[in-house]
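# Architecture at a glance
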Amino acid sequence: MTLMHPEFKRNEAVGLDLGWINQIRVNRAATDRRAASLANRRTVKKEYQAAWLVKAIQMIDLTTLGGDDTPGRVERLCMKAMRPLRADLMDALGLTQLSTGAVCVYHEMIQPAVKVIQGRLPIAAVSTGFPAGLTSMETKLREIELSVAAGASEIDIVITRQHVLNGNWQVLYDEMLAYRKACGEAHVKAILATGDLLTMENVAKASWVCMMAGADFIKTSTGKEGVNATIPVALTMVRTIREYHEQTGFQVGFKPAGGVSSAKSALQYLTLMKEELGNEWLQPHLFRIGASSLLTDIERQLEHYVTGSYSANHRHAQP
């Protein structure tokens, strides 16, 4: 299941334009200044903040990607995804229905997720040798096919970073094209692992190549790199999305992941999306936040809005 706007047209492979890729430049100083302006401004308050935080919940890919994952943990994650706020908070906020954007798990945990969700939310699976992406291409493609067959409607693939570092854009394009084909009707998020790509130009070029090859989303990180989602990287990526839309007419989604653990940081990413891409991108089919602990902090902030006081973390169900 993928929650899509009925008029949404999925991104298609448009062909690799090496002339365009090779001329890409990023003004790092200007990027950092713009990112700082987002981080330092006063945030929205009171009922406006509460509304934005509810919106943020709808964008979360509620995630568990630990080596100690168990079916029981994944089942609890899925139940939390379908009921992310306590009933008393839902009533106080005037909400009758609310869920996260999706759940995100390893391949082996798709079946426990399917058992609980039963088609009510999208299930995303990380794939292609996540997080390093250094298994054989045959293994990567088969992993995608098995995850789709098991019930995943979204596949989060990892690109081969060496293709970016070596400037092998045609090879990266062909790889992404093969992943998109293996996904079939399942939507594909291309994880760039931006913390490994060294320069903002590499981030921008990798974003463009993946979009040209048909990626439905571009995603910052696996969450396993030394540096994961940052506002400067996000700004660079969303601007490539805007330019790609202007040139092709296709809308590509964006997903920051790794280190987005506070309500304040979620609000910064929502503000970035609104100001750079517009309200149209503030929908689950075009924006997701990969997170595991973020939902707990958002729930605490909403409880403070409702009751005037904060509660301890242990009073909120952990996914």
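Everything here concerns the structure above.
So, a few notes on the structure that sits alongside this text. (Residues numbered from 1 in each chain as written. Predicted model: local features only at pLDDT ≥ 70, side-chain atom pairs only at ≥ 80, totals over all residues. Heavy atoms only, no water.)

## Structural notes on the overall build of the chain
Regarding its fold elements, the chain presents 13 helices and eight strands. Over its C-alpha atoms the chain spans a radius of gyration of 19 Å, differing by no more than 12% from the 20 Å that the globule rule assigns to 319 residues. Each of the three principal axes of the chain carries a C-alpha extent, and together these read 55 × 45 × 40 Å. Of the contacts formed within the chain by residues at least 6 apart in sequence, a portion of 77% connects residues at least 24 apart. Accessible area of the chain: about 13600 Å², with a carbon and sulfur share of 50%. For the chain, the separation between the mean place of its 35 positive charges and that of its 32 negative charges on side chains is 5 Å. (Helix = DSSP H or I, 4+ residues; strand = E, 2+ residues; numbered from the N terminus. Rg over C-alpha atoms; globule rule 2.2 N^0.38 Å. Contact = heavy atoms within 4.5 Å. Areas by Shrake-Rupley, 256 points an atom, 1.4 Å probe, with all protein chains shown as cover. Lys, Arg positive; Asp, Glu negative; His and termini not counted. Charge placed at Lys NZ, Arg CZ, Asp CG, Glu CD.)

## Considerations on the sheet that holds strand S5 (residues 187–191)
Sheet architecture is open: eight strands sit in the order S7-S6-S5-S4-S3-S2-S1-S8, paired in parallel fashion. Here the strands that pair on one side only, and so sit at the sheet edges, are strand S7 (253–255) and strand S8 (289–291). The average angle at which neighbouring strand axes cross in this sheet is 25 degrees, direction not considered. Strands in contact with helix H4 (residues 71–82) are strand S1 (60–63) and strand S2 (102–105); relative to S2, the strand with the most contacts, it is inclined by about 160 degrees. Contacts from helix H13 (residues 294–307) reach S1 and S8 within the one sheet, and its direction differs from that of S1 by about 120 degrees. (Pairing = 2+ DSSP bridges. Axes fitted to C-alpha atoms, helices over the stretch in contact; angles between N-to-C directions.)

## With respect to the environment of Lys80
With respect to the helices and strands, Lys80 occurs in helix H4. Along the backbone, Lys80 and Ser99 are 19 residues apart, and their C-alpha atoms lie at a distance of 8.4 Å.

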